[in-house]
Amino acid sequence: DTGVSQNPRHKITKRGQNVTFRCDPISEHNRLYWYRQTLGQGPEFLTYFQNEAQLEKSRLLSDRFSAERPKGSFSTLEIQRTEQGDSAMYLCASSPRGKAWSTDTQYFGPGTRLTVL
Amino acid sequence: ELKVEQNPLFLSMQEGKNYTIYCNYSTTSDRLYWYRQDPGKSLESLFVLLSNGAVKQEGRLMASLDTKARLSTLHITAAVHDLSATYFCAVDLPNAGGTSYGKLTFGQGTILTVHP
């Protein structure tokens, strides 16, 4: 397994457009996380899935944001009616937490850099 | 609300010198992580500290956790240029029921530059 993958790596969009990002976690990792990172800051938690269930959403995740993880495999993060303040790096991470062989580490993907013009 | 603070935020070191990055957090937790991020890249896991007194070492880096003081340190020994990066600590705060599901709160990051 080559790690967490994210697509696209870069996305430039105009304000008001909708965008969707995809994350493919490491296989057998039951936990999947989305974070947002702005320049010069640490990542901020957005949401978390255990298998296909979305168990936690940050208040940072406005109604314009929605995330899914159908069948507990890949996940998508959609932003509707994008705003310039949405410009950031969107990071996905997966973890095998809860399994006997777990090291409790979250493995991060390369991120999708969103620029809203 | 959990707050995680790192210091210093900027660290310029000479090769061969030693230094320590500090990570303070505001709420009791016994799960702390250190990550490294190179410019334009994602985060690479360095250490996972899961109990009071935990100490882990990898090469020139050593991390420790004092849950009573709510403090973790990342010690750099005999720095080399390849260690130049941004280092983040992150704390996993259990929910009210005591269950931890990996919701990490990150510090601001320490930008480390190692000069010849």
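Use the structure listed above.
Residues numbered from 1 in each chain as written. Chains lettered and ligands numbered in written order. Predicted model: local features only at pLDDT ≥ 70, side-chain atom pairs only at ≥ 80, totals over all residues. Heavy atoms only, no water.

### Topic: the overall build of chain B
This is how the line gets drawn: What counts as a helix is a DSSP run of H or I of at least four residues, what counts as a strand is a run of E of at least two, and both are numbered from the N terminus. Only the C-alpha atoms count toward the radius of gyration. The rule for a globule is 2.2 Å times the residue count to the power 0.38. Exposure is judged per residue with a 1.4 Å probe applied to protein chains only, and the accessible area is read against the type maximum: over 50% gives exposed, under 20% gives buried, and values in between give partly exposed.
Across its full length, chain B holds zero helices and eleven strands. Each helix and strand of chain B, ordered N terminal to C terminal, gives the series β-β-β-β-β-β-β-β-β-β-β. Over its C-alpha trace chain B gives a radius of gyration of 14 Å, about what one expects of a compact globule, namely 13 Å for 116 residues. On the principal axes, the C-alpha backbone points of chain B span a range of 50 × 30 × 20 Å. Expressed as a percentage of the 116 residues in chain B, the buried residues total 44%.

### Regarding the overall build of chain A
On a plain count of helices and strands, chain A comes out with zero helices and eleven strands. Along its sequence from the N terminus, chain A presents helices and strands in the succession β-β-β-β-β-β-β-β-β-β-β. Relative to the 2.2 N^0.38 estimate, which gives 13 Å for 117 residues, the radius of gyration of chain A is 14 Å and therefore close to what a compact globule would have. Taking the principal axes of the C-alpha coordinates as reference, chain A spans close to 45 × 25 × 20 Å.

### So, the nonpolar core
What counts is decided by this rule: Only buried residues count toward a nonpolar core, which is a set of Ala, Val, Leu, Ile, Met, Phe, Trp, Tyr and Cys residues joined through side-chain atoms within 4.5 Å. Contacts were defined at the residue level, with two residues in contact if any of their heavy atoms lie within 4.5 Å.
Membership of the largest hydrophobic core comes to 25 residues, with the highest contact counts inside it found for Leu-32, Trp-34, Leu-74, Ile-76, Tyr-87 and Leu-112 of chain B. Only strand S2 (10-14), strand S3 (19-25), strand S4 (32-37), strand S5 (43-49), strand S7 (61-66), strand S8 (71-76), strand S9 (85-92) and strand S11 (110-115) of chain B provide two or more residues apiece to this core. The contact partners of Tyr-87 of chain B, leaving out residues within four places of it in the chain, are Gln-6, Ile-21, Tyr-35, Arg-36, Leu-46, Leu-61, Leu-74, Gly-109, Thr-110 and Leu-112 of chain B. Core analysis: the next-biggest nonpolar cluster, separate from the first, contains 19 residues, Val-19, Cys-23, Phe-49 and Ala-88 of chain A among them.

### Thoughts on the pattern of salt bridges
Where charged atoms of side chains with opposite charge meet at close range, the side chains can pair. All names here are of chain A. We count it as follows: Throughout this description, the term salt bridge denotes a Lys or Arg side-chain nitrogen within 4 Å of a carboxyl oxygen of Asp or Glu.
All told, the structure shown has six salt bridges over all chains when counted by the stated rule. Residue Arg-22 is joined to Asp-24 by a salt bridge in which the shortest nitrogen-to-oxygen separation is 2.8 Å. The class of Asp-24 is partly exposed, set by a relative accessible area of 23%. The shortest N-O distance in the salt bridge between Glu-83 and Arg-64 comes to 3.4 Å.

### Regarding a nonpolar patch on the surface
Keep this limit in mind: To count toward a patch, a residue needs a relative accessible area over 30% and no salt bridge; like charges are then connected within 9 Å, while nonpolar side chains (Val, Leu, Ile, Met, Phe, Trp, Tyr) are connected within 5 Å. Values of accessible area rely on a 1.4 Å probe in the Shrake-Rupley scheme; residue burial ignores everything except the protein chains shown.
A cluster of nonpolar side chains, namely Leu-9, Phe-10 and Ile-111 of chain B, defines an oily patch on the protein surface of about 290 Å² accessible area. Of the residues examined, Leu-9 of chain B reaches a relative accessible area of 33% and is grouped as partly exposed.

### Considering the sheet that holds strand S8 (residues 75-79) of chain A
Pairing between the strands of a sheet is mediated by backbone hydrogen bonds and can be parallel or antiparallel. Residue and element names in this part refer to chain A. Operational definition: When DSSP finds at least two bridges between two strands, those strands are taken to pair. Angles shown run from 0 to 180 degrees and are taken between the N-to-C directions of axes, each axis being a line fitted to C-alpha atoms and, for helices, limited to the stretch in contact.
With antiparallel pairing, the four strands of this open sheet are ordered in space as S1-S3-S8-S7. Every other strand in the sheet has two partners, leaving strand S1 (5-7) and strand S7 (65-68) as the edge strands with one partner each. Strand-to-strand twist of the sheet, defined as the mean angle between neighbouring strand axes without regard to direction, takes the value 15 degrees. When S7 meets S8, the two strands line up antiparallel, connected through four bridges. Opposite Ser-66, over in S8, you have Glu-78 as the bridge partner.

### Thoughts on the interface of chain A and chain B
Spelled out, the test is: Accessible area, probed at 1.4 Å, shrinks when two parts are joined; the buried area is that loss added up over both. Whenever a nitrogen or oxygen atom comes within 3.5 Å of another N or O atom, the pair is scored as a polar contact, on the condition that within protein one atom can donate a hydrogen and the other can accept it, and that pairs from neighbouring residues in sequence are kept only if both atoms are in side chains. All residues other than Ala, Val, Leu, Ile, Met, Phe, Trp, Tyr, Cys, Pro, Asp, Glu, Lys and Arg, Gly among them, are scored as polar; the first ten of these are nonpolar and the last four charged.
In this complex, chain A contributes 21 residues to the contact, which on the side of chain B involves 20 residues. Both sides of the chain A and chain B interface together cover about 1,600 Å² of buried area, and 49% of this is carbon and sulfur. Along the contact surface separating chain A from chain B lie seven residue pairs in polar contact (both at pLDDT 80 or more). Every element with two or more residues in the side of chain A that touches chain B is listed here: strand S4 (31-37) and strand S5 (44-50) of chain A. Here the side of chain A that touches chain B is composed, by residue class, of eight nonpolar, eight polar and five charged.

### Details of the pairing of S8 of chain B
Residue and element names in this part refer to chain B. Of the strand pairs in this sheet, S3 and S8 are connected by six bridges, and their pairing is antiparallel. Counterpart to Tyr-19 in the pairing with S8 is Ile-76. Two strands pair when backbone bridges link them, and S7 and S8 are joined in this way by six bridges, in the antiparallel orientation. Among the inter-strand pairings, Ser-64 is bridged to a residue of S8, identified as Thr-73. Turn length for the S7-S8 hairpin, with the two strands adjacent in sequence and antiparallel, is four residues, and the turn residue Arg-70 shows positive phi of about 55 degrees.

### Concerning the packing of aromatic side chains
So the rule is basically this: Side-chain rings of Phe, Tyr and Trp (the six-membered ring for Trp) are treated as a pair once their centres are within 6.5 Å; stacked means planes under 30 degrees apart, edge-to-face means over 60, and tilted covers the remaining angles.
Summed over all chains, the structure comprises ten aromatic pairs over all chains. Seen from their ring centres, Phe-108 of chain A and Tyr-35 of chain B are 5.3 Å apart, and the 85 degrees between their planes marks the pair as edge-to-face. Placement of Phe-108 of chain A in strand S10 (residues 107-108) and of Tyr-35 of chain B in strand S4 is noted, with the two residues assigned to different chains. Centroid distance Phe-88 of chain B to Phe-106 of chain B: 6.2 Å. Interplanar angle 85 degrees. Geometry classified as edge-to-face.

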